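Examination of the molecular architecture
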Amino acid sequence: MFSLVIMLHHSRYVLGDDSAVFIGGSLAVEFFFLVSGYLMAVSVEKAEKKGPMEHPGEETWAFLKRKLSGFVPEFLFAWAIGFVFVAFAEKYTLLQAFRAFRDEIFEVLLLKMTGIYLRGIDGVVWYLSAMLLSMAVLYPLLRRHREVMERIVCPIAALFILGYFCQAFGHPRNPTKWLGLVYKGLLRGFAEISLGVTIRAFVRHLAKRTPRTWVRIAAELFELLSLLYMVWYMASHLPSLQDYFFILLLCLCLSLDFAGYGILTQAFEGDRALKITGLLAKYSGALFFSHLYFAQHLNSILSPDLYSGKLRLLIYIALSLANGLLVCLFAGAYRKHKRQIHQSAQWLLFEKEPKAEPKDERDQ
């Protein structure tokens, strides 16, 4: 749902802000940051069961590598398709295409939120960049000092950063605003991933108790009504101070959801349900990466002077949904044959590794 809202929000590039669908849909990104922070905290708990953190750098890189493996195939296929589409829509020559790729390489490398950024074709990449940079800092600190990070450092840091945004800008959005040292989006990601970590501590406390049936029904209704209220807000309101109320609402909903308080929780725990929700998760990620370049360049092909806004909107939606599915299929095929692909690449690029020399008597 949140991926669809973001895709429809970017219809503003096709129709203009006055006619856009979900003009305030950028608030949906908060959901993804909060969930990412929560799941990172869960990963830290699992790592703790294996023992203390002996090699912080190595373990942090291993964690980030697992995160990357979850979305990089979808991201790269989506970006490649987008680059070809933009080159076609804007009628690039080969030289122009080379220059565009040269300038956009830092987006492909997910460095956008470091400030090393010239131009790009997929603006949503800022989220991935902010997430990875924030986790690179937070993960080793959580592993070393989980209790104090969950209960003190993360919530206080989140409140200070969001409070700064509230007073300085009136809302947490507009991620590519340069603040003199960092992009606003990097601080936004750090704050809300920290909030997700704090949610994990709260959920651990809630999960110790077994709610009565009426409480489970009330929790489910609260989640449903809250999400409907948020969807209405995103559909009709520009960024404002009210954003902070909806961030709080999301925190409460996710706490109830992850604690399993909703009456429908058990319906989504079976193998079949998990398979369906897993597929939806993959598709939502692919859709997130696969739509913005259509929104920003479709009018170069379908002139607003010749084609109605309704038709352009329908074509934009159809292209985005279909491209999300195509990206999923490409990424799935890659994962299925990843081992063979890597073996072929190694054979093509590298000499066969020499055999290990036998140990001499001194080694023995």
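In what follows, the structure referred to is the one given above.
Please read these numbers as outputs of a predicted model, since none were measured by experiment. (Residues numbered from 1 in each chain as written. Predicted model: local features only at pLDDT ≥ 70, side-chain atom pairs only at ≥ 80, totals over all residues. Heavy atoms only, no water.)

Moving on to the overall build of the chain. Tallying secondary structure elements over the chain gives 14 helices and 0 strands in all. Scanning the chain from its N terminus toward the C terminus, one meets helices and strands in the order α-α-α-α-α-α-α-α-α-α-α-α-α-α. For a compact globule of 364 residues, the expected C-alpha radius of gyration is about 21 Å, and the chain comes in at 23 Å, within 12% of that figure. Projected onto the principal axes, the alpha-carbon positions of the chain cover approximately 85 × 65 × 50 Å. The buried share of the chain, reckoned over its 364 residues, is 43%. The contacts in the chain between residues at least 6 apart in sequence include a share of 74% that link residues at least 24 apart. Accessible surface, the chain as shown: approximately 20,700 Å² in total, 65% of it carbon and sulfur. Each charge sign in the chain was given a centre, from 39 positive and 30 negative side chains, and these centres are 3 Å apart. (Helix = DSSP H or I, 4+ residues; strand = E, 2+ residues; numbered from the N terminus. Rg over C-alpha atoms; globule rule 2.2 N^0.38 Å. Buried < 20%, exposed > 50% of the residue type's maximum accessible area, 1.4 Å probe, protein only. Contact = heavy atoms within 4.5 Å. Areas by Shrake-Rupley, 256 points an atom, 1.4 Å probe, with all protein chains shown as cover. Lys, Arg positive; Asp, Glu negative; His and termini not counted. Charge placed at Lys NZ, Arg CZ, Asp CG, Glu CD.)

On to the side chain of Thr60. Relative to the helices and strands, Thr60 is located in helix H4 (residues 56–89). Of the residues examined, Thr60 reaches a relative accessible area of 7% and is grouped as buried. Discounting residues that sit within four places of it in the chain, Thr60 has contacts with Met53, Ala136, Tyr139 and Pro140.

Attention shifts here to the side chain of Arg312. Relative to the helices and strands, Arg312 resides in helix H13 (residues 309–336). As a buried residue without a salt bridge, Arg312 has its nearest oppositely charged side chain in Asp305, at a separation of 8.1 Å. Among the polar contacts listed, one links the side chain of Arg312 to the backbone oxygen of Tyr307, at a separation of 3.2 Å. Excluding anything up to four places from it in sequence, Arg312 contacts Val14, Leu298, Asn299, Leu302, Pro304 and Tyr307. (Salt bridge = Lys/Arg side-chain N within 4 Å of Asp/Glu carboxyl O. Polar contact = N/O pair within 3.5 Å; in protein donor to acceptor, adjacent residues only side chain to side chain.)

Time to look at the nonpolar core. By size, the foremost hydrophobic cluster in this structure holds 93 residues, and its most contacted members are Met40 and Tyr127. Setting aside chain neighbours within four positions, we find Met40 in contact with Phe63, Met135, Leu138, Tyr139, Leu142, Ile193 and Val197. (Core = buried A, V, L, I, M, F, W, Y, C linked by side-chain atoms within 4.5 Å.)

Two numbers describe how helix H1 (residues 2–9) lies on helix H3 (residues 29–48): the axes approach to 9 Å, and their chain directions differ by 145°. In terms of crossing hand, the pair formed by H1 and H3 is left-handed. Residues Phe2, Ser3 and Ile6 of H1 pack against Val29, Phe31 and Phe32 of H3. When the residues that make up the contact of H1 with H3 are grouped by side-chain class, the tally is 5 nonpolar, 1 polar and no charged. (Axes fitted to C-alpha atoms, helices over the stretch in contact; angles between N-to-C directions. Left-handed = near helix turned anticlockwise from the far one by under 90°. Nonpolar A, V, L, I, M, F, W, Y, C, P; charged D, E, K, R; others polar.)

Its 15 residues give helix H5 (residues 94–108) an end-to-end C-alpha distance of 19 Å, which sits within 8% of 21 Å, the value for a rise of 1.5 Å per residue. Most pronounced at Arg102, the bend in H5 amounts to some 35°. Of the residues making up H5, those classed as buried are Ala97, Ala100, Asp103, Glu104, Glu107 and Val108. Just downstream of H5 lies Leu110, where phi reads positive at about 60°. (Expected span 1.5 Å × (residues − 1). Bend = angle between axes of the 7 residues up to and from the residue.)

Mapped onto the elements, Glu192 comes out in helix H8 (residues 184–206). A C-alpha to C-alpha distance of 9.6 Å links Glu192 and Met131, two positions 61 residues apart in sequence. Apart from the residues lying within four places of it in its own chain, the contact partners of Glu192 are Glu30, Phe33, Leu34, Leu162, Pro172 and Ile247.

The description of an aromatic ring pair uses the distance of the two centres, along with the angle that the planes make with each other. All chains considered together, the criterion is met by 27 aromatic pairs. Judged by centre distance (3.8 Å) and plane angle (5°), the ring pair of Tyr38 and Phe258 falls under stacked. In this pair, Tyr38 is assigned in helix H3 and Phe258 in helix H10 (residues 243–258), connecting sequence segments 220 residues apart. Ring geometry for Phe83 versus Phe101: centroids 6.1 Å apart, planes at 85°, classification edge-to-face. (Phe/Tyr/Trp six-rings, centres within 6.5 Å; stacked < 30°, edge-to-face > 60°.)

Excluding glycine, residues mostly have negative phi values, and the peptide bonds linking residues are mostly trans. Unusually for a residue other than glycine, Phe22 sits at a positive phi of about 55°. The topology assignment puts Phe22 in the loop between helix H2 (12–15) and H3. At Asn174, a residue that is not glycine, the phi angle is positive and equals roughly 65°. Tracing the backbone through its elements, the reader meets Asn174 in the loop between helix H7 (146–168) and H8.

What follows deals with the pattern of salt bridges. Applying the stated criterion across every chain yields a total of 13 salt bridges. The partner of Glu45 in a salt bridge is Arg204, and the shortest N-O contact between them spans 2.6 Å. Taken together, the residues span a long stretch of sequence, with Glu45 in helix H3 and Arg204 in helix H8 at a distance of 159 residues. In this structure, Glu150 and Arg204 form a salt bridge, with 2.9 Å as the shortest nitrogen-oxygen distance. With Glu150 in helix H7 and Arg204 in helix H8, this pair connects stretches of sequence that are 54 residues apart. On the accessibility criterion, Glu150 (1% relative accessible area) is buried. Residue classification places Arg204 among the partly exposed residues on the basis of a relative accessible area of 24%. Here the salt bridges do not stand alone but share partners, grouping Glu45, Glu48, Arg146, Glu150, Arg200 and Arg204 into one network.

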